[in-house]
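# Structural overview
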Amino acid sequence: MNIGEASGRSGLPAKTIRYYEDIGLIRPDRSDNGYRDYGSDDVHKLRFLHRSRSLGFSVEECRQLLALYEDKSRASADVKDIAATKLIEIDRKIRELTELRHTLEHLVHACHGNERPDCPILEELSEG
């Protein structure tokens, strides 16, 4: 199948599929005229990558996960380690965003939002 079909079946834009090929995540066959020829295995890998990226895994983490997926002698502990590390990273980001939200919420409530020039938000930004 061509890249348009692979795109439709995988849910990924053609540009992303080409990028994944450029960095070696997928290697579709080439027809005699040089066009990419995607098979069902390629589409399956593309769906795998699409789902992995949607869960927040980096391209390199996706590379590791895909290699583990293709390695039938893998240890599930290796997969779990990657996922657990990602979970720790997500939890850290949530804590940071929660702190940011509390700080910004405090500043919004402290600002009167009227015609006067005094603004605690701008004061905090200039001091921070």
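Summary of the structure given here.

Conventions used here
- Residues numbered from 1 in each chain as written.
- Predicted model: local features only at pLDDT ≥ 70, side-chain atom pairs only at ≥ 80, totals over all residues.
- Heavy atoms only, no water.
- Salt bridge = Lys/Arg side-chain N within 4 Å of Asp/Glu carboxyl O.
- Helix = DSSP H or I, 4+ residues; strand = E, 2+ residues; numbered from the N terminus.
- Buried < 20%, exposed > 50% of the residue type's maximum accessible area, 1.4 Å probe, protein only.
- Disulfide = S-S within 2.5 Å.
- Core = buried A, V, L, I, M, F, W, Y, C linked by side-chain atoms within 4.5 Å.
- Contact = heavy atoms within 4.5 Å.

### Focus: the pattern of salt bridges
- In total, this model carries 11 salt bridges according to the counting rule given.
- When the shortest N-O distance is used, the salt bridge between E61 and K86 registers 3.0 Å. With E61 in helix 4 (residues 59-70) and K86 in helix 5 (residues 76-110), this residue pair connects regions lying 25 residues apart in the sequence.
- Residue class for E61 comes out buried when judged on its relative accessible area of 15%.
- For K86, a relative accessible area of 6% corresponds to the buried category.
- Across the pair K86 and E89 runs a salt bridge whose closest N-O atoms are separated by 3.3 Å. On the criterion of helical spacing, the pair formed by K86 and E89 is a turn pair, its members being three residues apart in helix 5.
- Within this structure, E61, K86, E89 and K93 form a network of salt bridges that share partners.

### Overview of the state of the cysteines
- By the definition in use, this model includes zero disulfides.
- With no disulfide of its own, C111 lies closest to C119 among cysteine sulfurs, the gap being 3.7 Å.

### Considering the nonpolar core
- A6, I17, Y20, I26, Y38, L46 and L49 are the most contacted members of the largest nonpolar core, which has 18 residues in total.
- Among the elements that take part in this core, helix 4 stands out by supplying five residues, more than any other.
- Apart from the residues lying within four places of it in its own chain, the contact partners of I17 are I3, A6, S7, S10, L12, I26, Y38 and L46.

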